[in-house]
Amino acid sequence: MSRPAAMDFLLPDRLDEALHAMAARAGTVPVAGGTDVMVRLARGLERPPAAVDLTRIPGLARWERSAGRVRIGATVPYTRIAGELAGPLPGLAAAARTVGSRQIRNRGTVGGALGTASAGGDVHPVLLACDAEVELVSARGTRRVPVREFYTGPGRTVRAPDELVRAVLVPEAEGPQSYAKAGRRGALVVATCSFAVALWPSRGRVGTGIGAAADRPLPACEAERFVAGELAERRLWRSRGPLPDSVLARFGELAAAAASPADDVRGSSAYRRHAVAVLARRALGWVWDDYRADRTAKEAACA
Ligand SMILES: Cc1cc2nc3c(=O)[nH]c(=O)nc-3n(C[C@H](O)[C@H](O)[C@H](O)COP(=O)(O)OP(=O)(O)OC[C@H]3O[C@@H](n4cnc5c(N)ncnc54)[C@H](O)[C@@H]3O)c2cc1C
């Protein structure tokens, strides 16, 4: 049996060293938690000339709040997102809680999810619903890309081969958010399809994201426009009245229409489209109920 080609495994403790390594040799692969990339390396599915471990670079493992956004370093693991950011980022924390097992959540990172860019990755729908921005860095400089422009195809993004995801910037929640995931089991499962919704009352906006129901994560733009129009026309942001069932149902239909799911081992295209409609309808119903309950709580506190 032939031995696999040698691969350098680099352990920089400074970002500039990592960027230099990425620029120096084409095909160099960054490693964060390793929950995707180490599986591929172990199975011999890829054999890069070098791998660069990012976990010793202190600046990548921090999050901070600034100017109404949370800037999450690329190697902050899901466990910390779920445990430390449920207040400012309830949707992202909810999605992080659904990822894999405790071991996977202890290792896996948002930077790694953006590197893999799997259509079924749990954090992507929430990043879309929140209009997050991805910060990319290379030896050539830094740039920020709206997450809605980040995904370009199956496992493909606008990230150049020498660029690293340095951080993701997520606006702090100003209303309820929800992440709904359908899978073959209730836990420890990759999504068959998923849906995120976030309310932005100050802008009269409802953000959405669909997972595992197209070749990439994507927003349900027509559903967003429809429900924003209904909420404005019916003055529901102010009155916090109930959302009619017809609005919830139409929202679900438009979300399903935005999806273009494929048949695979996790589910048929028809099932996925149906499930997106159900998840979207439920997720919007939940966040709207929470929005209304918030008024009740404030009124009770003032009485
Ligand atoms: C058993 C198991 C269960 C899983 N369950 C789920 C699940 O339920 N939900 C889910 O969403 N995912 C799941 N995953 C997939 C995986 O855990 C996630 O995609 C995770 O976010 C990957 O993060 P990581 O830090 O481990 O990435 P890594 O494996 O280190 O890297 C993943 C990819 O991103 C690149 N990369 C890493 N960091 C960067 C960076 N900073 N900049 C640019 N590129 C980078 C790597 O080169 C590689 O291509 C599961 C994986 C396993 C093995």
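Treat the numbers as computed from the prediction; the structure is a model and nothing was measured. (Residues numbered from 1 in each chain as written. Predicted model: local features only at pLDDT ≥ 70, side-chain atom pairs only at ≥ 80, totals over all residues. Heavy atoms only, no water.)

Quick notes on the overall build of the protein chain
- When its secondary structure is counted, the protein chain shows 11 helices and 13 strands.
- Taken along its principal axes, the extent of the C-alpha atoms in the protein chain is 70 × 45 × 30 Å.
- Out of the 303 residues belonging to the protein chain, those deemed buried represent 50%.
- Partitioning the intrachain contacts of the protein chain with sequence separation of at least 6 by distance along the chain shows that 62% fall at a separation of at least 24.
- Summed over all atoms, the accessible surface of the protein chain reaches about 14,300 Å², with 51% contributed by carbon and sulfur. (Helix = DSSP H or I, 4+ residues; strand = E, 2+ residues; numbered from the N terminus. Buried < 20%, exposed > 50% of the residue type's maximum accessible area, 1.4 Å probe, protein only. Contact = heavy atoms within 4.5 Å. Areas by Shrake-Rupley, 256 points an atom, 1.4 Å probe, with all protein chains shown as cover.)

Comments concerning the domain arrangement of the protein chain
- Examined at the domain level, the protein chain breaks down into domain 1 (62-171) and domain 2 (177-302).
- With centres defined by C-alpha atoms, the gap from domain 1 to domain 2 works out at 20 Å.
- On the domain 2 side, the residues contacting the 27 residues of domain 1 number 27 residues.
- For the pairing of domain 1 and domain 2, the buried interface totals around 1,900 Å² over both sides, and the portion due to carbon and sulfur atoms is 61%.
- The largest per-residue losses of area from domain 1 upon contact with domain 2 belong to A119, P125 and R148, which jointly make up 26% of the total buried on that side.
- For the pair domain 1 and domain 2, the interface holds 4 salt bridges.
- One salt bridge in this structure joins R203 and D131, with 3.9 Å as the shortest N-O distance.
- Of the residues assigned to the side of domain 1 that touches domain 2, the class counts are 14 nonpolar, 10 polar and 3 charged. (Domains from an automatic or database assignment. Buried area = accessible area lost by both parts, 1.4 Å probe. Salt bridge = Lys/Arg side-chain N within 4 Å of Asp/Glu carboxyl O. Nonpolar A, V, L, I, M, F, W, Y, C, P; charged D, E, K, R; others polar.)

With respect to the packing of helix α8 (residues 221-233) against helix α10 (residues 245-258)
- As a packed pair, α8 and α10 sit with axes 8 Å apart at the nearest point and diverge in direction by 160°. Comparing the axis directions of α8 and α10 gives the class roughly antiparallel. Of the two elements, α8 crosses α10, and the hand of that crossing is right-handed. Counting all contacts with α8, which are made through E222, A223, E224, F226, V227 and E230, the residues of α10 involved are V247, R250, F251, L254 and A255. (Axes fitted to C-alpha atoms, helices over the stretch in contact; angles between N-to-C directions. Parallel < 35°, antiparallel > 145°, perpendicular 65-115°, else oblique. Left-handed = near helix turned anticlockwise from the far one by under 90°.)

Points about the pairing of strand β3 (residues 50-53)
- A two-sided burial pattern is seen for β3, the buried positions comprising A50 and V52 on one face and A51 and D53 on the other.
- Where strand β1 (residues 8-10) lies against β3, 3 bridges are found, and the strand directions are parallel. By the bridge assignment for β3, D8 is matched with A50.
- Of the strand pairs in this sheet, strand β2 (residues 29-31) and β3 are connected by 3 bridges, and their pairing is parallel. For V31, the partnering residue across the bridge sits in β3 and is D53.
- In this fold, the crossover linking β2 to β3 by way of helix α2 (residues 37-42) has right-handed handedness. (Pairing = 2+ DSSP bridges. Right-handed = clockwise from strand over helix to strand, strands pointing away.)

Let's talk about helix α1 (residues 15-24)
- Of all the residues in α1, the buried ones are L15, A18, L19, A21 and M22. What you see down the axis of α1 is that its buried residues fit within an arc of 160°, all on one side. Exposed side of α1, more than 90 degrees from the buried face: H20 and A24 are the residues found there.
- For α1, the elements touching its buried residues are β1, β2, β3, β6 (133-138) and β10 (164-171). (Arc of directions from axis to C-beta.)

Side note on the packing of aromatic side chains
- Under the definition given, this model contains 5 aromatic pairs.
- Here F150 and Y151 contribute two aromatic rings whose centre-to-centre distance is 5.5 Å and whose plane-to-plane angle is 80°, an arrangement assigned as edge-to-face. Neither F150 nor Y151 differs from the other in exposure class; each is buried.
- With a centroid separation of 5.5 Å and an interplanar angle of 85°, the aromatic rings of W237 and Y291 are classed as edge-to-face. Of this pair, W237 sits in helix α9 (residues 236-239) while Y291 sits in helix α11 (residues 269-302), and the two are 54 residues apart along the sequence.
- Judged by its relative accessible area of 14%, W237 falls in the buried class.
- Judged by its relative accessible area of 6%, Y291 is buried.
- Cluster of aromatic residues (ring-pair linked, three or more members): W237, W288 and Y291.
- In this arrangement the basic side chain of R240 is found over the ring face of Y291, its NZ or CZ atom lying 3.9 Å from the centre. (Phe/Tyr/Trp six-rings, centres within 6.5 Å; stacked < 30°, edge-to-face > 60°. Lys NZ or Arg CZ within 6 Å of the ring centre and 35° of its normal.)

Quick look at the environment of R203
- Structurally, R203 is set in the loop between β12 (193-200) and β13 (205-211).
- Distance in space between the C-alpha atoms of R203 and E174 is 10.0 Å, their sequence separation being 29 residues.
- Excluding its chain neighbours within four sequence positions, the residues that come into contact with R203 are D131 and E174.

Examining the layout of surface pockets
- Approximately 150 Å³ is the volume attributed to the second largest pocket.
- A class-by-class count of the residues in the lining of the second largest pocket yields 4 nonpolar, 1 polar and 4 charged. (1 Å grid on protein atoms, 1.4 Å probe; cavity = no way out; pocket = protein on both sides within 12 Å on 5 of 7 lines; lining within 4 Å. Points joined across faces, edges and corners; volume = space filled by probe spheres on them.)

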